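Chain residues, written in single-letter form:
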Amino acid sequence: MSDNRSYFKSKRFRAILQDYEETDRQGVPCIISSYDYVDVAEYYQDVKNDTEKAERAIDKALRLYPGETAPLIFKGRLMLLVHHDIEQARYYLSCIEDKRDLDYYYLTAEILLNEEKVDEANDYLKEMLEEVDEEEQQDYIYDVANIFLDYFYHETADEWIQMIEDKEGTDYKELMSKSLVCKGRYEESEETLNRLIDKDPFSTDYWNLLTLTQLRSEKNEEALNSSEFSIALNPDDDEAILNKAYALFQMGNTEDSLHFFQRYTALCPDDELGYFNVGSCLIMLNRYEEAWENLKKSEELASDDSPRSLDILQNLLFIADKLGKENDKTLYLKKIEDYPDDDIQVLIEKGGIFLYHGLLDQAQSYFNEAVEKSDYSTDVIMQIGMMVTDNDYTFSDDGRLVKMRHQ
């Protein structure tokens, strides 16, 4: 969603929000524009991290202004990014009458990206560039580059970044710094961001991206300092708080990192990431009952395609084993077994989980499948070998997993 944080602090918006909340309590419509309704919805979603209130506000807008583009775009993106419902996103897109609105182009492309049709999205956006008014084309190019960066398609984003005419301008440098992070070129990204911060030291976006860059390059103390600058500018910046938690965690300060992960969870109660990290910290502190509660909440909130799903299941299995929850242990072993394993890395991870729990036949089956699918890749074989050795196992002469014999 768009970043209107400075506007959300303005007297004008606070007055609109007050009117909206008062009429909402009374159960009567609030007479504000469709754009004001979108601002209220964005405030609930982006600042308060309250999807339920955001959706309530935007549904009110759609009842009052059923054909307006802005509420339909917001609702479509909510369906896409929060509910992961492509068909509903496509439905709200189809309700938009103005097919030449830039946001119509963007949402169309994002639907294609969620369907992993990257080339099709890129071709579509290039075709639509010809339809954009000349004075809006540079803004359009900037927005498109940002979309591809948000979806981690940095090579495609680079095509658009190079279309920006002002190579000395803030927009170009900002996009380049994001692209450099995606490519792992952290030093260059950090240099660019420091120059941007020199010009605009009050930008939490720049401080947050700098923190991320420093975390990726394992400059943990610098990352901690950068996150604190961002928090000083906005004490409720969930991204800055999450970054500080990661910096503390990477520095080995589990207790303090737990505190900031809990702060993030309080700000973002609908995000499984917070509960997952809280649970992981509590495991390290041997507070298993509390960890169990948080990881169960994380499992409940995680979408089917969450990149953390297997890690959540693994941690719940670990706790069930530690606490002697035999029924739960059986349940999570089955969930892990049923977890989609069409990816080689997932096969290796599943093999490692079963190995850790001493289930050697299942572990060996996953390892063998990973090796075969990788066409006997040396990297895959070495990764499995290290995993086997770390768990105090080895392979016998006939290729079976066996416990190491120590002299």
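Residues numbered from 1 in each chain as written. Predicted model: local features only at pLDDT ≥ 70, side-chain atom pairs only at ≥ 80, totals over all residues. Heavy atoms only, no water.

1. Things to note about unusual backbone geometry
Step number 1: The phi torsion at asparagine 286 lies on the positive side, around 60°, for a residue other than glycine.
Step number 2: Among the structural elements, asparagine 286 can be located in the loop between α17 (272-284) and α18 (288-301).
Step number 3: The exposed category is assigned to asparagine 286, whose relative accessible area is 54%.
Step number 4: Backbone geometry at aspartate 392 places phi at a positive 70°, although glycine is not the residue there.
Step number 5: You can see aspartate 392 is positioned in the loop between α23 (378-390) and β1 (393-395).
Step number 6: The class for aspartate 392 is partly exposed, based on a relative accessible area of 25%. (Helix = DSSP H or I, 4+ residues; strand = E, 2+ residues; numbered from the N terminus. Buried < 20%, exposed > 50% of the residue type's maximum accessible area, 1.4 Å probe, protein only.)

2. A look at the layout of surface pockets
Step number 1: When its volume is computed, the second largest pocket comes out at roughly 260 Å³.
Step number 2: Around the second largest pocket, the lining comprises 14 residues; the ones closest to its centre are Tyr43, Val47, Lys48, Asn234 and Asp236.
Step number 3: Among the residues forming the lining of the second largest pocket, the class breakdown is 7 nonpolar, 2 polar and 5 charged. (1 Å grid on protein atoms, 1.4 Å probe; cavity = no way out; pocket = protein on both sides within 12 Å on 5 of 7 lines; lining within 4 Å. Points joined across faces, edges and corners; volume = space filled by probe spheres on them. Nonpolar A, V, L, I, M, F, W, Y, C, P; charged D, E, K, R; others polar.)

3. Some words on the side chain of threonine 69
Step number 1: If you trace the backbone, threonine 69 turns up in helix α5 (residues 69-81).
Step number 2: Ignoring any residue separated from it by four or fewer positions in sequence, one finds threonine 69 in contact with Ile96, Asp98 and Asp101. (Contact = heavy atoms within 4.5 Å.)

4. Details of the environment of serine 365
Step number 1: Structurally, serine 365 is set in helix α22 (residues 360-373).
Step number 2: In this structure serine 365 comes out as partly exposed when scored by relative accessible area, which is 43%.
Step number 3: Each C-alpha atom of the pair serine 365 and leucine 347 lies 9.2 Å from the other, and the pair is 18 residues apart in sequence.

5. Notes on the packing of α22 against α23
Step number 1: Relative to each other, α22 and α23 sit at 160°, their axes nearing to 9 Å. Considered as vectors, α22 and α23 are oriented roughly antiparallel to each other. You can see that α22 and α23 cross each other, and the crossing is right-handed. Here Phe367, Ala370 and Val371 of α22 lie close against α23, whose contacting residues are Val380, Ile381, Ile384, Met387 and Val388. (Axes fitted to C-alpha atoms, helices over the stretch in contact; angles between N-to-C directions. Parallel < 35°, antiparallel > 145°, perpendicular 65-115°, else oblique. Left-handed = near helix turned anticlockwise from the far one by under 90°.)

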